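Listed below are the residues making up each chain.
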Amino acid sequence: AWGASEAELDELHDQIAELASQIDSAQAAKTQAGSDLLAAQARFDDLVGQVRAAEAELASTEATISAGEAQLAELTASLDRFEAALASTRLRVAGTKESLSEQVVELYINASTASTRFLAFSDASEASVGFAYVDGAIGDSSRLLSELDILEREEERQQEILDEQRAAQEVLLETLEK
């Protein structure tokens with residue numbers, strides 16, 4: 001058995017060399033596959049990181065939108081309150097103007113008949129009461145004029161605030177749409 005021929009030994013040696021080459025090739029392939037696997041794992045980890053970053057960005061954006069919507073709701077409620085206050089002030093202005101108009105008519109009527117009434121008073125005390133009434137009516141008119149002036153200034157102030165709030169609401173809406 002020990003007497004194998006040199007040709008057989010060469011053939012065996014060639015087969016061993018071929019097997020060694022195949023083993024080296026398989027190890028190189030295994031190493032390459034390991035490297036490819038590590039690269040794929042790194043790409044996967046990178047993608048997972050990107051997905052998590054995108055999720056965090058999405059959560060941040062949703063929180064910003066939610067905060068913006070809450071701010072918009074608050075601003076809208078504030079606008080509603082200012083509009084109601086402005087409407088109330090306008091009603092008070094209209095009521096005061098109406099009362100003032102009635103006072104003017106009453107004073108006009110009283111003024112046109114004042115000389116006649118003065119002559120109709122039987123004594124100084126009746127004249128004093130009549131003049132006190134006229135003075136009171138004039139005082140009421142002055143008070144109404146003063147109140148009207150205050151209400152008109154308040155109406156202007158409320159309109160300015162309402163306009164500012166509307167502008168802020170438009171800016172917020174534009175920001176939220178982006």
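Structure: see above.
Residues numbered from 1 in each chain as written. Predicted model: local features only at pLDDT ≥ 70, side-chain atom pairs only at ≥ 80, totals over all residues. Heavy atoms only, no water.

A.B. asks: Tell me what's going on with the overall build of the protein, and back it up with residues and numbers.
C.D. replies: Regarding its fold elements, the protein presents two helices and zero strands. Across the 178 residues that make up the protein, the buried fraction comes to 14%. Nonlocal contacts in the protein, meaning residues at least 24 apart in sequence, comprise 91% of its contacts between residues at least 6 apart. With the model as given, the accessible surface of the protein reaches about 13,400 Å², and the carbon-plus-sulfur share is 59%. (Helix = DSSP H or I, 4+ residues; strand = E, 2+ residues; numbered from the N terminus. Buried < 20%, exposed > 50% of the residue type's maximum accessible area, 1.4 Å probe, protein only. Contact = heavy atoms within 4.5 Å. Areas by Shrake-Rupley, 256 points an atom, 1.4 Å probe, with all protein chains shown as cover.)

A.B. asks: I'd like to hear about the nonpolar core, residue by residue, with values.
C.D. replies: Nonpolar side chains tend toward joint burial in soluble globular proteins. With five residues, the main nonpolar core is built from Val93, Leu100, Leu144, Leu148 and Leu151. Those elements that provide at least two residues to this core are helix H1 (6–120) and helix H2 (124–177). Top contributing element to this core by residue count: H2, with three residues. The residues contacting Leu148, other than those within four sequence positions of it, are Val93, Thr96, Lys97 and Leu100. (Core = buried A, V, L, I, M, F, W, Y, C linked by side-chain atoms within 4.5 Å.)

A.B. asks: Break down a nonpolar patch on the surface for me, citing the residues and quoting the values.
C.D. replies: A cluster of nonpolar side chains, Leu9, Leu12 and Ile16, forms an exposed patch at the surface whose accessible area comes to about 280 Å². Its location among the elements puts Leu12 in helix H1. Taking the relative accessible area as the measure of exposure, Leu12 reaches 44% and is therefore partly exposed. (Patch = residues over 30% accessible without salt bridge, like charges linked within 9 Å, V, L, I, M, F, W, Y side chains within 5 Å. Salt bridge = Lys/Arg side-chain N within 4 Å of Asp/Glu carboxyl O.)

A.B. asks: Provide a residue-level description of the side chain of Gln158, including the pertinent values.
C.D. replies: Within the secondary structure layout, Gln158 lies in helix H2. Setting aside chain neighbours within four positions, we find Gln158 in contact with Ala85, Leu86 and Thr89.

A.B. asks: Lay out the pattern of salt bridges with the relevant residues and their values.
C.D. replies: Going through the model one piece at a time under the given rule, you end up with five salt bridges. A salt bridge links Glu152 to Lys97; the nearest nitrogen and oxygen atoms lie 3.9 Å apart. Of the two residues, Glu152 sits in helix H2 while Lys97 sits in helix H1, which places them 55 residues apart along the sequence. A relative accessible area of 42% means that Lys97 is categorised as partly exposed.

A.B. asks: Pulling in residues and values, what's your account of a negative patch on the surface?
C.D. replies: Taken together, the side chains of Glu6, Glu8, Asp10, Glu11, Asp14 and Glu18 make up a negatively charged region of the molecular surface. With respect to the secondary-structure elements, Glu6 resides in helix H1. (Lys, Arg positive; Asp, Glu negative; His and termini not counted. Charge placed at Lys NZ, Arg CZ, Asp CG, Glu CD.)

A.B. asks: Could you give me a rundown of the environment of Leu172, with the residues and numbers involved?
C.D. replies: Take Leu172: it is sitting in helix H2. Remark: the alpha-carbon pair of Leu172 and Leu75, spanning 97 residues in sequence, is separated by 9.4 Å. Residues within four places of Leu172 in sequence aside, it is in contact with Gly68, Gln71 and Leu72.

A.B. asks: Outline the environment of Ser78, supporting the account with residue identities and numerical values.
C.D. replies: Residue position: Ser78 is located in helix H1. A C-alpha to C-alpha distance of 7.9 Å links Ser78 and Gln165, two positions 87 residues apart in sequence.

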